[in-house]
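Here is how the chains run, residue by residue.
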Amino acid sequence: MGGRYRAAMVDVQERFVASGGLRLWTERTGDPGRPAVLMVMGSAAQGISCPDALVGRLVERGVQVIRFDHRDTGRSSVVDFDAHPYTIGDMARDCLAVLDGYGLESAHVAGASLGGMIAQWLGVHAPERVRSLTVMSSSPMGHDPRPLLARARAGEPADPDDLPPPAPEFLAHLAAGLPPGVESDVALFRVFNGPVRPFDEAAARDMLELALSRATDPAAAAHHHRAVWLDDPSLLAPLSSITAPTSIVHGDQDPVYPLGHGVALAAAIPGAALHVVPGMGHVMTSPGLPEEVADLIRL
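Residues numbered from 1 in each chain as written. Predicted model: local features only at pLDDT ≥ 70, side-chain atom pairs only at ≥ 80, totals over all residues. Heavy atoms only, no water.

If you look the chain up in an unreviewed UniProt entry, it shows as Hydrolase from Paractinoplanes deccanensis.

Here is the structure:
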């Protein structure tokens with residue numbers, strides 16, 4: 001299972017690392033003597049949601065790649081969120097624990113969606129650990145989308161100062177209230193993919209089935225959505241303080257964070273380069289896209 005989404009890999013090591021009282025599943029691919037790229041995936045997403053094709057391309061570029069399961073996903077520890085609520089900042093500290101677990105003083109950090117916000121947090125609050133920063137399919141950390149979502153769902157016009165709202169197709173999927181499971185997830189990924197590039201449904205289904213099969217508690221991943229809404233003053237630090245060389249990679253068909261979010265990020269981070277990927281949506285479930293994105297990751 002996973003073969004159509006995940007290619008055959010070489011030089012792969014799995015291990016668990018400690019983050020406080022939590023155990024995080026991690027995987028390293030490539031030569032441990034090479035500089036490292038830490039891949040930070042999005043909300044409710046396991047490390048395996050980062051395609052092997054992307055990892056393999058990065059290894060070809062001369063780095064080692066580390067993927068990991070966020071807390072409450074995959075094989076990592078499940079948290080009693082009501083008793084021990086956590087924030088995006090806490091999830092960012094898990095990233096530092098992963099680097100510590102591999103004895104790495106620093107790494108190139110590449111984050112997608114929520115992982116992109118976590119990557120921004122690291123660039124602001126742990127600059128000595130970040131060699132370079134790549135923020136993919138994301139939005140400025142600390143931006144509160146709730147008023148924007150409320151207006152979009154009500155069909156009200158956007159405020160001129162707003163970042164662009166999610167696409168109607170994404171809002172319609174959320175409103176449909178489909179029962180949880182692989183079929184609902186495949187339908188979501190079809191929306192995530194966008195209408196321009198072909199959607200590799202077989203590969204997406206394969207990854208989603210694999211994720212379900214290896215999750216200790218599939219429902220726990222929903223805690224990420226709660227974590228996003230918790231007040232976290234560390235998210236309000238200015239992005240202008242980021243000193244790492246930064247690239248913003250954003251699709252022009254992203255239904256969750258339309259391109260204006262990537263443009264705003266590039267404007268907020270000094271010297272950031274904006275790479276607009278034609279036809280790309282919010283995920284990498286189109287043939288050839290993982291390799292294309294891998295070539296844009298800042299090293």
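Participant: Whenever I open this one, the overall build of the chain confuses me. Can you help?
Facilitator: Per the secondary structure count, the chain includes 10 helices and 8 strands. Relative to the globule expectation of 19 Å for 299 residues, the C-alpha radius of gyration of the chain, 18 Å, shows essentially globular dimensions. Dimensions of the chain, computed from the C-alpha atoms along their principal axes, are close to 55 × 45 × 40 Å. Out of the 299 residues belonging to the chain, those deemed buried represent 54%. Nonlocal contacts in the chain, meaning residues at least 24 apart in sequence, comprise 73% of its contacts between residues at least 6 apart. In the structure as shown, the chain presents an accessible area of about 12,300 Å², 54% of it carried by carbon and sulfur atoms. Considering the chain, the positive charge centre built from 23 side chains and the negative charge centre built from 35 side chains are found 5 Å apart. (Helix = DSSP H or I, 4+ residues; strand = E, 2+ residues; numbered from the N terminus. Rg over C-alpha atoms; globule rule 2.2 N^0.38 Å. Buried < 20%, exposed > 50% of the residue type's maximum accessible area, 1.4 Å probe, protein only. Contact = heavy atoms within 4.5 Å. Areas by Shrake-Rupley, 256 points an atom, 1.4 Å probe, with all protein chains shown as cover. Lys, Arg positive; Asp, Glu negative; His and termini not counted. Charge placed at Lys NZ, Arg CZ, Asp CG, Glu CD.)

Participant: Any chance you could explain the pattern of salt bridges here in plain terms?
Facilitator: Where side chains of opposite charge bring their charged atoms close, a pairing between them can arise. A full pass over the atoms with the stated rule returns 13 salt bridges. Note that Asp82 is salt-bridged to Arg226, the shortest N-O span being 2.7 Å. Here Asp82, found in the loop between strand S4 (64–68) and helix H2 (88–101), pairs with Arg226, found in helix H8 (residues 223–229); they are 144 residues apart in sequence, far enough to count as distant. Judged by its relative accessible area of 37%, Arg226 falls in the partly exposed class. In this structure, Arg205 and Glu201 form a salt bridge, with 2.9 Å as the shortest nitrogen-oxygen distance. Highlighted residues: Arg205 and Glu201, both in helix H7 (residues 201–214), separated by 4 residues, approximately one helical turn. It is possible to trace a salt-bridge network through shared partners that takes in Glu183, Arg190, Glu201 and Arg205. (Salt bridge = Lys/Arg side-chain N within 4 Å of Asp/Glu carboxyl O.)

Participant: I would appreciate a short explanation of the pairing of strand S8 (residues 273–277) in the present structure.
Facilitator: Regular strands place side chains that alternate from one sheet face to the opposite one. Bridge analysis of strand S7 (residues 246–251) against S8 gives 5 bridges, and the strand direction is parallel. Its bridge partner lying in S8, Ser247 is registered against Ala273. (Pairing = 2+ DSSP bridges.)

Participant: How do you make sense of a nonpolar patch on the surface when you look at a structure like this?
Facilitator: A surface patch of nonpolar side chains, about 210 Å² in accessible area, is lined by Val263, Leu274 and Val276. As for its placement among the helices and strands, Leu274 is situated in strand S8. Since its relative accessible area comes to 33%, Leu274 is described here as partly exposed. (Patch = residues over 30% accessible without salt bridge, like charges linked within 9 Å, V, L, I, M, F, W, Y side chains within 5 Å.)

Participant: Hey, could you run me through the environment of Ala44 in this one?
Facilitator: Assignment of secondary structure puts Ala44 in the loop between strand S3 (36–40) and helix H1 (52–60). The spatial distance from the C-alpha of Ala44 to the C-alpha of Leu289 is 21 Å, given a sequence separation of 245 residues. Ignoring anything within four residues of it in the chain, the contact list for Ala44 reads Thr73, Ala221 and His224.

Participant: Is there a simple way to explain the side chain of Ser286 in this structure?
Facilitator: As for its position among the elements, Ser286 is in the loop between S8 and helix H10 (289–294). According to the relative accessible area criterion, Ser286 is buried, its value standing at 4%. Within polar-contact distance, the side chain of Ser286 engages the backbone oxygen of Pro198 at 2.7 Å. Look past the residues within four positions of Ser286 in its chain and what remains in contact with it is Asn193, Arg197 and Pro198. (Polar contact = N/O pair within 3.5 Å; in protein donor to acceptor, adjacent residues only side chain to side chain.)

Participant: Would you mind going over helix H3 (residues 114–125) with me for this structure?
Facilitator: Each α-helix winds once per 3.6 residues, and so residues spaced three or four apart point in a common direction. Taking 1.5 Å per residue as the helical rise, H3 with its 12 residues ought to reach 16 Å, and the 16 Å between its terminal C-alpha atoms agrees with that figure. Taking burial as the measure, the 12 residues of H3 include 11 buried ones, the bulk of the element. Here H3 has its buried residues at Leu114, Gly115, Gly116, Met117, Ile118, Ala119, Gln120, Trp121, Leu122, Gly123 and Val124. Looking at the buried side of H3, the elements it contacts are S3, H2, strand S5 (107–112), strand S6 (130–136), H8 and helix H9 (259–268). (Expected span 1.5 Å × (residues − 1).)

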